[in-house]
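# Descriptive structure summary
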Amino acid sequence: MTALQPARRGPAGDGPPGAADRTVRRVPFPVVDEITRHCLTDDEPETVHIEVHLPGRPDPDRLRAAFREALCRHPRILMRQAPHRWWRRRYAWELTGVPDVDPVVFPPPGPDALARARERALADCPPLDASPPVRLEVVERGPDGDEGEVGAANGGTVLLVTINHTALDGPACLRVLATAAQLYGGADNSPAPPPVRAPGAATGGTLPDTPPLGGHRLARPVRIAAERGPRRADGQDSPRSRGNGMLITELPVPARPPRVGGVAAFTVNDQLLVATCLMVARWNHVHGRPSTPVVVTMPVDDRPRGTDMPIGNGTRLVSVGFGPEEERDAALLTADPPDPAAVARLLRRTAARTRSLKAAPGSQLGLGAALLTAPVLPAGARGVLTRALRTVAAPLASTTLLSNIGRIPYPLDFGDAGRPTAVWFSAPARMPRGLTVTTVSVGGRVQLALRWSHALLDDEAGARLGALFARSLAATSWTPEAGDDGTERTGSTGSTGRSDPSNRTGRSGRSDPSNRPDCPDRPDRPDRPDRPEGTTP
């Protein structure tokens, strides 16, 4: 079964009283859904992966009932694609009111159960013909964890959610998961209030010595230098050259300078953007490729986090450009370790760019996408045009995508199963970008998921790129310069610019088995990133 088959009619599940009697109604595809639907391929499934690590084990029947009830309380997730013919003007979702199928799966436990579940999250996309287009796998861990896996404490459970990105994004599904946690555990899972920012930070004011705008310049963005293993003798790609690879790890949150007048010089999101730029520039420098201009796409989510949060694909995309100014410092930024003064300048420029970009209004995918999805031509013809334009515009696509979820706004308290010890998201990494960086903050640590297309990188190259990101993020950490009368500067955390030695990574879910975060998510931690700057695309 593929995600493109016509909608099937299956038995409805249980739901709130009267839910089964609701009339199925149709909703036209929004812009993001239609563009994504036009560009679906079997080689690179459009999946979003979320995994929540719990210290305990939830009761299977109670968890299944709570998740089903949460779906019914957010009826916009209970949708399937309506039967369609190419000559019709619009794709449409059918809102079913109750699930067509049971989305909760309990795979058999085993030493590699989590690794197999992660592989399915990257390769097996929930179909669009059955409501909901979401799958929740409940993976039980053994008393000693799973050998070679990065993740939860001894024993425990991993809730691994796979989302069809044509239908909705990660933050929307996380909102549904928070409702399920409240129904299961009985505790209040309302979102924590966003941090209070000084007026200067909220207005998007820029520093006087920095350029006011980032954005996508006319210069052709650089691509990540490809590094893949040899092809087969017949010249064909092996199965491992298709789909996505993934590395997950946790890193220390880089230090920031104290606020001045209540205004931060830069945010953790700015440090993540700079680390991404440094990673690309240094990787390309080693491979003999141009290191600038780097353009990073950053999703911005302005939705509320309460139960009234709109469910679907609700982010808008902005492009943060690193170009002429960075080219002058190219030799300093691509050194190992990068020059601290050059990194400090880059952080100040990036902070100014992101403030102006986030303050400026804009549509989700821009005017071009709105024109492409206007119901003037039949949807089939618009799909052919969209795919053709995507191919033509591929050289102008951004270098990579950074999706910073930030701190998890919900407690996600599952009662007897506990609160999360780790949470990871990953966004799809289709070509021509071929690489996405997704970060979450839990317990004062950055939970990093690096995901790449196997058409661009093999798994060994992806692991080396992840280690380079860790060193690049460490290089953005602030330290007060000794004897400088309190002058703030940015420098690496150590003389070599290496990452925290406690960092442990896992490729496609495999890593040091001792990597078990032991600090639950606490919204009152002062070293946590601010409210989500961006979300999965």
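Refer to the preceding data block for the structure.
Let me begin by describing the structure that accompanies this report. (Residues numbered from 1 in each chain as written. Predicted model: local features only at pLDDT ≥ 70, side-chain atom pairs only at ≥ 80, totals over all residues. Heavy atoms only, no water.)

## As for the nonpolar core
One finds Leu168, Ile408 and Phe414 to be the most contacted residues of the largest nonpolar core, which totals 51 residues. Those elements that provide at least two residues to this core are β2 (47-54), α2 (60-73), β4 (92-95), β6 (134-140), β7 (157-164), α4 (170-185), β12 (422-426) and β13 (435-442). A total of nine residues in this core trace back to one element, the largest contributor, which is α4. Excluding its chain neighbours within four sequence positions, the residues that come into contact with leucine 168 are Ile77, Pro133, Val134, Ile163, Cys173, Ile311, Gly312 and Asn313. By size, the runner-up hydrophobic cluster in this structure holds 46 residues, among which are Val222, Leu278, Val294 and Leu333. (Core = buried A, V, L, I, M, F, W, Y, C linked by side-chain atoms within 4.5 Å. Buried < 20%, exposed > 50% of the residue type's maximum accessible area, 1.4 Å probe, protein only. Helix = DSSP H or I, 4+ residues; strand = E, 2+ residues; numbered from the N terminus. Contact = heavy atoms within 4.5 Å.)

## A word on helix α6 (residues 268-286)
Quick reminder: α-helices carry 3.6 residues per turn. Residues three or four places apart thus point the same way. For α6, with 19 residues, the first-to-last C-alpha span of 27 Å sits near the 27 Å given by 1.5 Å per residue. Burial analysis of α6 places 17 of its 19 residues in the buried class, the great majority of the element. If you check the start of α6, you find a side-chain oxygen 3.3 Å away from the backbone N of asparagine 269, and it comes from threonine 267. Where α6 ends, the next residue or the one after it, glycine 288, has phi of about 70°, a positive value. (Expected span 1.5 Å × (residues − 1). Polar contact = N/O pair within 3.5 Å; in protein donor to acceptor, adjacent residues only side chain to side chain.)

## Focus: the sheet that holds β2
Read across the sheet, five strands follow the order β5-β6-β7-β2-β12 without closing on themselves; strand pairing throughout is mixed. Only two strands of the sheet have a single partner each, and these edge strands are β5 (104-105) and β12. Taken together, the two bridges between β5 and β6 define a ladder with parallel strand orientation. Bridge pairing in β6 links valine 105 to glutamate 137. (Pairing = 2+ DSSP bridges.)

## Considerations on the packing of α6 against helix α12 (residues 459-474)
Two elements in contact, α6 and α12, have axes separated by 8 Å at closest approach and are oriented at 130°. Judged by the angle between their axes, α6 and α12 are oblique. In terms of crossing hand, the pair formed by α6 and α12 is right-handed. Along its contact with α6, which presents Gln271, Leu272, Ala275, Thr276, Leu278, Met279, Arg282 and Trp283, the element α12 presents Ala461, Arg464, Leu465, Leu468, Phe469, Arg471, Ser472 and Leu473. Residue classes in the contact of α6 with α12 are distributed as 10 nonpolar, three polar and three charged. (Axes fitted to C-alpha atoms, helices over the stretch in contact; angles between N-to-C directions. Parallel < 35°, antiparallel > 145°, perpendicular 65-115°, else oblique. Left-handed = near helix turned anticlockwise from the far one by under 90°. Nonpolar A, V, L, I, M, F, W, Y, C, P; charged D, E, K, R; others polar.)

## Some remarks on empty space enclosed by the protein
Picture a little ball the size of a water molecule; that probe, rolled over the atoms, points out where space is still empty. Enumeration according to the criterion identifies three cavities of 30 Å³ or more in this entry. Taken as a whole, the largest cavity holds about 50 Å³ of empty space. Every residue lining the largest cavity is listed: Cys277, Leu278, Ala281, Ser291, Thr292, Glu326, Ala330, Leu333 and Thr334. Elements supplying a minimum of two residues to the lining of the largest cavity: α6 and α8 (330-333). It is α6 that provides the largest number of residues to the lining of the largest cavity, a total of three residues. (1 Å grid on protein atoms, 1.4 Å probe; cavity = no way out; pocket = protein on both sides within 12 Å on 5 of 7 lines; lining within 4 Å. Points joined across faces, edges and corners; volume = space filled by probe spheres on them.)

## Regarding the environment of proline 75
Position of proline 75 relative to the elements: it lies in the loop between α2 and β3 (79-81). Through-space distance from the C-alpha of proline 75 to that of glycine 97 is 5.8 Å; in sequence the pair is 22 residues apart.

## Brief notes about the pattern of salt bridges
Under the criterion given, the structure shown has 28 salt bridges. Where arginine 62 meets aspartate 416, a salt bridge forms, and the shortest distance between an N and an O atom there is 3.2 Å. With a gap of 354 residues between them, arginine 62 in helix α2 and aspartate 416 in the loop between β11 (400-407) and β12 connect regions that are remote in the sequence. Taking the shortest distance from any N to any O, the salt bridge between aspartate 169 and arginine 303 comes out at 2.9 Å. (Salt bridge = Lys/Arg side-chain N within 4 Å of Asp/Glu carboxyl O.)

## Focus on a nonpolar patch on the surface
There is a patch of nonpolar side chains on the surface, built from Val376, Leu377, Leu385 and Leu389 and spanning about 350 Å² of accessible area. Among the secondary structure elements, leucine 377 is positioned in the loop between α10 (366-372) and α11 (379-392). (Patch = residues over 30% accessible without salt bridge, like charges linked within 9 Å, V, L, I, M, F, W, Y side chains within 5 Å. Areas by Shrake-Rupley, 256 points an atom, 1.4 Å probe, with all protein chains shown as cover.)

## Quick look at the sheet that holds β3
In any sheet, the strands associate via hydrogen bonds between backbone groups, in a parallel or an antiparallel arrangement. Spatially, β1-β4-β3 is the arrangement adopted by the three strands of the open sheet, whose pairing is antiparallel. A strand with exactly one partner marks an edge of an open sheet, and here the two such strands are β1 (25-28) and β3. Neighbour to neighbour, the strand axes of the sheet diverge by 35° on average, direction disregarded. Note that β3 and β4 share three bridges and pair antiparallel. Bridging across to β4, arginine 80 finds its partner in glutamate 94.

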